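Per-entry structural report
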Amino acid sequence: TAATASPSPWRDAVVDEDALALISHTSGTTGLPKGVMLSHRNLASITACIAGYLPIREDDVLFSALPLSFNYGLSQLLLALSTGATLVLEKSFAFPAQALDVMSRERATVFPAVPTMYAMLLGMQDLSRWDLSSLRLMTSASAPLPVAMQRQLRERMPFARLCVMYGQTECTRISYLPPEQVAARPGSVGRGLAGQRCWLIDEQGHRLPWGAEGELVVQGDHVMAGYWQDPQRTAEKLFHDPETGRIAMRTGDLFRSDTDGWLYFIARKDDIIKTRGEKVSPHEVEQAIQRMPGVIECLVGPVPDPLLGDAVKAWVVVADGSGLVERDVIRHCLATLENHMVPKHVAFVDALPRTPTGKPTRQGLT
């Protein structure tokens, strides 16, 4: 269905900006989902920010197959309402050909998607069957978009610009990589948003200069009020910044940065694998494997090992007829990664388990 925003008769209504607007639950990839309390100020500030940096215009047609219960999906509705753009909703992307029919018919100009959806799109043999020439912008969020997939999207859909974004349910968005920087800064998720402050901290909570590695902290009007009925986890996530006196949020995500502040995701702190006395970022191993021809998706995680404590294991989805076997993956990793990062085990699976919002998850993999 398609819906176009019209002027609201409640435009002059008085709203308490700090009042609770909604509770959005996290996907629960690292534990039980948490109820994220977002205020009217949170939603208004981040919607205006996203609409500005993309940018979204009144004549845009946003095609979204993302769940509205998912912040990335909900933000498409808020963007349409705030800019007057048209929003076309599709129930899912389970049948890509059907979704492409709708995109072509409705002359979609903006396509927000998660990496899984882009993998399905690239799996289509002949995209020329559909007239997608109206598409000017593709956006990616929710999970890291592999560099190899970014390159394929630019090659197969050169008429559309690609914007890579990073965020969390707790604040919706934290950074974006402008389309003109995607090829120049492979692997980066961009720099912080206008109107927010972000910085890196070490394990003791001390600020680090740009050019270092550490946990990302963010501060701004888009940062949540806390977790619903969970003061303990709220206190673990939010803290008072002594420099500004304002609330700041620990993301729990590790990044490296260059001296200009461009950010490169390393891993969630909880996901780091400790093997042979060394720390391994699953994301870095996944990126290396996903550069192999024939690989569609993969996840990397720890498995118990009597000698190593934990061993690195990769679960890999490959295209039909790829012919890839375990030793191919291991040889590729030996040539591109440090020895302690190379998977000891490789399992080929038909598909990766997913959260309700479509993120690949290690839960259920053995």
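Scroll up a little and you will see the structure.
Residues numbered from 1 in each chain as written. Predicted model: local features only at pLDDT ≥ 70, side-chain atom pairs only at ≥ 80, totals over all residues. Heavy atoms only, no water.

**Section: the pattern of salt bridges**
To keep it simple, the criterion reads: We count a salt bridge whenever a side-chain nitrogen from Lys or Arg sits within 4 Å of a carboxyl oxygen from Asp or Glu. Helix and strand assignments follow DSSP, with helices taken as H or I runs no shorter than four residues and strands as E runs no shorter than two, numbered in order from the N terminus.
What the rule picks out here adds up to 21 salt bridges. Measuring nitrogen to oxygen at the nearest pair gives 3.0 Å for the salt bridge that ties Arg197 to Glu243. Pair noted here: Arg197 is in strand 11 (residues 197–201) and Glu243 is in the loop between strand 15 (238–240) and strand 16 (247–257), with a separation of 46 residues, a long-range link. For Glu297, the salt bridge is made with Arg354, and the minimal N-O distance between the two is 2.4 Å. One end of the pair, Glu297, is in strand 20 (residues 295–305); the other, Arg354, is in the segment after strand 22 (345–348), and 57 residues separate them in sequence.

**A look at the nonpolar core**
Inclusion rule: Only buried residues count toward a nonpolar core, which is a set of Ala, Val, Leu, Ile, Met, Phe, Trp, Tyr and Cys residues joined through side-chain atoms within 4.5 Å. We call a residue buried when its accessible area falls under 20% of the maximum for its residue type, exposed when it is over 50%, and partly exposed in between, using a 1.4 Å probe and counting protein chains only. Contact between two residues is taken to exist if any of their heavy atoms lie within 4.5 Å; hydrogens are not considered.
Counting 56 residues, the largest nonpolar core has Phe63, Phe111, Tyr118 and Leu121 as its most contacted members. Here Phe111 is in contact with Phe63, Phe93, Met103, Met117, Tyr118, Leu121, Leu135, Leu137, Met138 and Thr139, once residues within four sequence places are set aside.

**Comments concerning empty space enclosed by the protein**
The criterion, for reference: Cavities and pockets are defined on a 1 Å grid built over the protein atoms alone: a cavity is a set of grid points where a 1.4 Å probe fits but cannot escape, while a pocket is an open set with protein on both sides within 12 Å along at least five of seven lines, and lining residues are those with an atom within 4 Å of any such point. Grid points are joined across faces, edges and corners, and a volume is the space filled by probe spheres set on the points. Three residue categories are used. Nonpolar comprises Ala, Val, Leu, Ile, Met, Phe, Trp, Tyr, Cys and Pro, charged comprises Asp, Glu, Lys and Arg, and polar comprises the others, including Gly.
Within this structure, the stated rule accounts for 1 cavity of 30 Å³ or more. The computed volume of the largest cavity comes to approximately 70 Å³. In this structure, the largest cavity is lined by Leu43, Ile46, Thr47, Ile50, Asn71, Leu74, Ser75, Leu78 and Thr172. Sorting the residues of the lining of the largest cavity by element identifies helix 1 (40–53) and helix 2 (71–83) as the ones contributing at least two each. Taken together, the residues that form the lining of the largest cavity break down as 5 nonpolar, 4 polar and no charged.

**Topic: a nonpolar patch on the surface**
How we decide: Here a patch means residues that are over 30% exposed by relative accessible area and free of salt bridges, tied together within 9 Å if like-charged and within 5 Å if nonpolar (Val, Leu, Ile, Met, Phe, Trp, Tyr). Note on areas: these come from Shrake-Rupley sampling with a 1.4 Å probe, and a residue is covered only by the protein chains present in the view.
Together, Leu68, Leu77, Leu81 and Leu89 make up a nonpolar patch on the protein surface, roughly 310 Å² of accessible area in all. Within the secondary structure layout, Leu68 lies in the loop between strand 4 (61–64) and helix 2. By relative accessible area, Leu68 is classed as partly exposed at 41%.

**A short note on the pairing of strand 3 (residues 35–39)**
The line we're drawing: Two strands are counted as paired when DSSP detects at least two bridges linking them.
Across the 5 residues of strand 3, 5 count as buried, placing the element largely inside the fold. In strand 3, alternate side chains face the same way, and those of Gly35, Met37 and Ser39 on one face and Val36 and Leu38 on the other are all buried. In terms of strand pairing, strand 2 (residues 20–25) meets strand 3 through 5 bridges, oriented antiparallel. Pairing of Ile23 across the sheet is with Met37, part of strand 3. Here 2 bridges tie strand 3 to strand 14 (residues 226–227), and the two strands are oriented antiparallel to one another. Residue pairing for strand 14: Val36 is matched across the bridge by Tyr227.

**Concerning the sheet that holds strand 21 (residues 309–318)**
Put simply, the rule is: Axis lines are fitted through C-alpha atoms, for helices just across the contact stretch, and the angle between N-to-C directions can take any value from 0 to 180 degrees.
Here we have 3 strands laid out as an open sheet, ordered 20-21-22, and mixed in their pairing. Whereas interior strands pair on both sides, the edge strands pair on one side only; in this sheet they are strand 20 and strand 22. Looking at each pair of strands side by side, their axes are set apart by 25° on average, direction ignored. Note that strand 21 and strand 22 share 4 bridges and pair parallel. In the sheet register, Lys313 faces strand 22, and the bridge partner there is His345. Sitting on the sheet, helix 7 (residues 282–290) is in contact with strand 20 and strand 21, with an inclination near 140° to strand 20.

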